[in-house]
Amino acid sequence: MPMEVNRRELKARAREQLRASHPAFWRITLVYLLLTSGVAAVADLAGAARIGLPPVHLDTFALFLALLVTLYTMVMGLGYQWWALRTCRRQPTGYGALIDGFSMAGRVILMNVVIFFSALGWAVAFALPSSLVLLLLSGLLSSGGGMLFLYLLAMGGTFLGSLWIGYRYAMAPYLLIDHPEQGAGAAVRESVAMMQGWKWEFCKLDLSFLGWHLVNALLSLAVTLAFTLPMLPALLESGADLARILMDPSLALPWTAVLLSSLIQLPLSLWLKPYQTVTFAGFYQARVTQSTQPPPVWEAGDPYGIS
């Protein structure tokens, strides 16, 4: 029996649940962004931004600060997903839900470490054979068009491989929330089993939000271009890397422009982020209760998609 999800129904339920949430979803999201992106911005000003990729020189304080912010953001992220799951289940929520992840911070960090190394293993498994194939093909194709085709092929394969790997572990945070006593490793393993045969459905649900993310990205790009274009002659004369500046406007633009390019995304983000996160929580909830919940959300079938 085909395994499908009624995305419209799932998203409609999420919108209804958000309207009924108290405190208002946008207030919760605003506090969450202040406690994550805001803290990260302050850490960057304090020195964490000095960590480059690759690092030019070892800065112990900057490295410690960047690591601390990363771990803190992991735990806060699970707190936000916890709030979303409670909202999906129409359970009482509040600002305190955002810090509930600290009650099992060790498990949250361990779960992310397990996911990182598991994903890294799959990435290496994908990369080795694909690199060999590309090397063989590059020897046969010497034209510029052929090399461009190989480049696009590699980029597309990398994107699809990353999605496939990431979706294997998409349910792990929710499983850890529901069953913390089973540990981080069990949450990761159970997510892999739960997503077997369902990654394509989750991918379609995820990509259904892509248009809104593009709107936000275009708004930010418009602000960046509004500040960059008047500076273009001077940048060209100085030999600046325009592509790098567009990727990281803070390299050349004034801090007011960088701040505005971020703030212009805030109104849409205060609606889009909770909408998407509650929808994903609804996917998990429906996936857990699939064996007892009738359509239209789920087709009847094996609760873990294995058969």
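Each value, and the rule that gives it
- Residues numbered from 1 in each chain as written.
- Predicted model: local features only at pLDDT ≥ 70, side-chain atom pairs only at ≥ 80, totals over all residues.
- Heavy atoms only, no water.
- Axes fitted to C-alpha atoms, helices over the stretch in contact; angles between N-to-C directions.
- Helix = DSSP H or I, 4+ residues; strand = E, 2+ residues; numbered from the N terminus.
- Parallel < 35°, antiparallel > 145°, perpendicular 65-115°, else oblique.
- Left-handed = near helix turned anticlockwise from the far one by under 90°.
- Contact = heavy atoms within 4.5 Å.
- Nonpolar A, V, L, I, M, F, W, Y, C, P; charged D, E, K, R; others polar.
- Phe/Tyr/Trp six-rings, centres within 6.5 Å; stacked < 30°, edge-to-face > 60°.
- Lys NZ or Arg CZ within 6 Å of the ring centre and 35° of its normal.
- Core = buried A, V, L, I, M, F, W, Y, C linked by side-chain atoms within 4.5 Å.
- Buried < 20%, exposed > 50% of the residue type's maximum accessible area, 1.4 Å probe, protein only.

Section: the packing of helix α1 (residues 7–19) against helix α12 (residues 266–288)
Between two packed helices, what matters for the description is the angle formed by their axes and the separation of those axes.
Okay, step 1: Contact geometry for α1 and α12: axes closest at 9 Å, N-to-C directions at 120°. Classified by the angle their axes make, α1 and α12 are oblique. Here α1 and α12 pass one another in a crossing that is right-handed. Residues Leu10, Lys11, Ala14, Arg15, Gln17 and Leu18 of α1 lie in contact with α12, whose contacting residues are Pro274, Tyr275, Val278, Thr279, Gly282 and Phe283.
Okay, step 2: Across the contact of α1 with α12, the residue classes break down as 7 nonpolar, 3 polar and 2 charged.

Quick look at the packing of aromatic side chains
Okay, step 1: Using the criterion set out here, one finds 13 aromatic pairs in the structure.
Okay, step 2: Grouping aromatic residues by their ring pairs yields a cluster made of Tyr167, Phe202, Phe209, Trp212, Trp271, Tyr275, Phe280 and Phe283.
Okay, step 3: Note that Lys11 overlies the ring of Phe209, its terminal NZ or CZ placed 4.5 Å from the centroid.

Considerations on the nonpolar core
Okay, step 1: Among the nonpolar cores identified, the biggest contains 53 residues, and Leu78, Trp83, Met111, Met171 and Phe202 are the most heavily contacted of them.
Okay, step 2: Dropping the residues within four chain positions of it, Met171 is found in contact with Ser191, Met194, Met195, Phe202, Phe283 and Tyr284.

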